[in-house]
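# Structure at a glance
Take a look at the letters that make up each chain.
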Amino acid sequence: MISKNQLKQIRALGQKKQRKAEQAFLVQGEKNVLELLASDMITKALFVTADFAETHAKALTNIEHTIADEADLAKASTLVSNNAAIAIVKMPKAQEINPDRFLIALDQVSDPGNLGTIIRLADWYGIKQVVLSANCADPYNPKTISATMGSFTRVECIQTNLVEFLAAFPHPKYGAFLQGENVHKTEFGDLGVLVMGSESHGISAEAESYITDKVTIPSFGEAESLNVAIATGIILDNVKRSQ
């Protein structure tokens, strides 16, 4: 059973201010919780249904957990649908950016769903770090974590001053622009960073000044723009094909 104090804590962690204060975040839903339990992240509290506990008894071995009914989990959840499990997780220690591998950097991507999807794409294409500008969505937002479908356990998100990062980055800096080289013809190196901006604002002028290679996805129809996560996936596929 989830106590009133636990319920209050879970709901409070839906807010960025509280996540920062507690250095903790929520992982919700069967898929994400199972990915969490298979990782080395530290689970501070775990609430699961009896069905979840029975089905995934092996994953729960030596992990303290509380049995709760679906109604209590639904009441506690910050998401629309969650009837299996909720975990309170300790935030991992901030990592240093490793410039000697291919990275993704996001400028002003404020939608947590898009950020979560890009983290999942990074995981698919073997990219281990995503650099975020200060005004990007919070990587620990429940909607972000949900959209990663477990990839939050394998991809590090590092929020920093993007302009300073780009100024110091020693390898090619590829940026997505409407006016740029056709991404199908671009030769990407093994080292570099792909910079993606928000759909509404694009890459900021300050960040743009450090881009060494502007690329674009050619259009064959009449759509005005692409969702930033979809565009990221298309470009990453061309990056991997070129490498």
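Check the entry above for the structure.
Here the structure is a predicted model, which is why all the values come from computation and not from measurement.

## Observations concerning the environment of Val130
Mapped onto the fold, Val130 is located in strand β6 (residues 129–132). Separated by 28 residues in the primary sequence, Val130 and Ile158 have C-alpha atoms spaced 6.3 Å apart. What Val130 contacts, discounting residues up to four positions off in sequence, is Ile104, Leu106, Ala122, Val155, Glu156, Cys157 and Ile158.

## A closer look at the sheet that holds strand β7 (residues 156–159)
Here we have 6 strands laid out as an open sheet, ordered β7-β6-β5-β9-β8-β10, and parallel in their pairing. Every interior strand has two partners, whereas the edge strands, β7 and β10 (213–216), have only one. Neighbour-to-neighbour, the strand axes of this sheet turn through a mean angle of 35°, independent of strand direction. In terms of strand pairing, strand β8 (residues 173–182) meets strand β9 (residues 193–197) through 3 bridges, oriented parallel. Bridge pairing links Gly175 to Val195 in β9. Sheet strands in contact with helix α6 (residues 112–124) are β5 (103–107), β6 and β7, and its direction is about 170° off that of β5.

## Some thoughts on the packing of aromatic side chains
Counted under the stated rule, the structure contains 5 aromatic pairs. Relative to Tyr140, the ring of Phe25 lies with its centre 4.7 Å away and its plane at 45°, an arrangement referred to as tilted. Of this pair, Phe25 sits in strand β1 (residues 24–28) while Tyr140 sits in the loop between β6 and α7 (142–148); the two residues are 115 residues apart in sequence, bridging distant segments of the chain. Assigned by exposure class, Phe25 and Tyr140 land together as buried. Geometrically, the ring pair formed by Tyr174 and Phe188 is tilted, given 4.7 Å between the ring centres and 55° between the ring planes. Within this pair, whereas Tyr174 is found in strand β8, its partner Phe188 is found in the loop between β8 and β9, the two being separated by 14 residues in sequence. Just as Tyr174 is buried, Phe188 falls in that class too. Within the aromatic cluster, the residues linked to one another by ring pairs are Phe25, Tyr140 and Phe152. Sitting above the plane of the Phe177 ring, Lys214 keeps its charged end 4.7 Å from the centroid.

Calculation notes
- Residues numbered from 1 in each chain as written.
- Predicted model: local features only at pLDDT ≥ 70, side-chain atom pairs only at ≥ 80, totals over all residues.
- Heavy atoms only, no water.
- Helix = DSSP H or I, 4+ residues; strand = E, 2+ residues; numbered from the N terminus.
- Contact = heavy atoms within 4.5 Å.
- Pairing = 2+ DSSP bridges.
- Axes fitted to C-alpha atoms, helices over the stretch in contact; angles between N-to-C directions.
- Phe/Tyr/Trp six-rings, centres within 6.5 Å; stacked < 30°, edge-to-face > 60°.
- Buried < 20%, exposed > 50% of the residue type's maximum accessible area, 1.4 Å probe, protein only.
- Lys NZ or Arg CZ within 6 Å of the ring centre and 35° of its normal.

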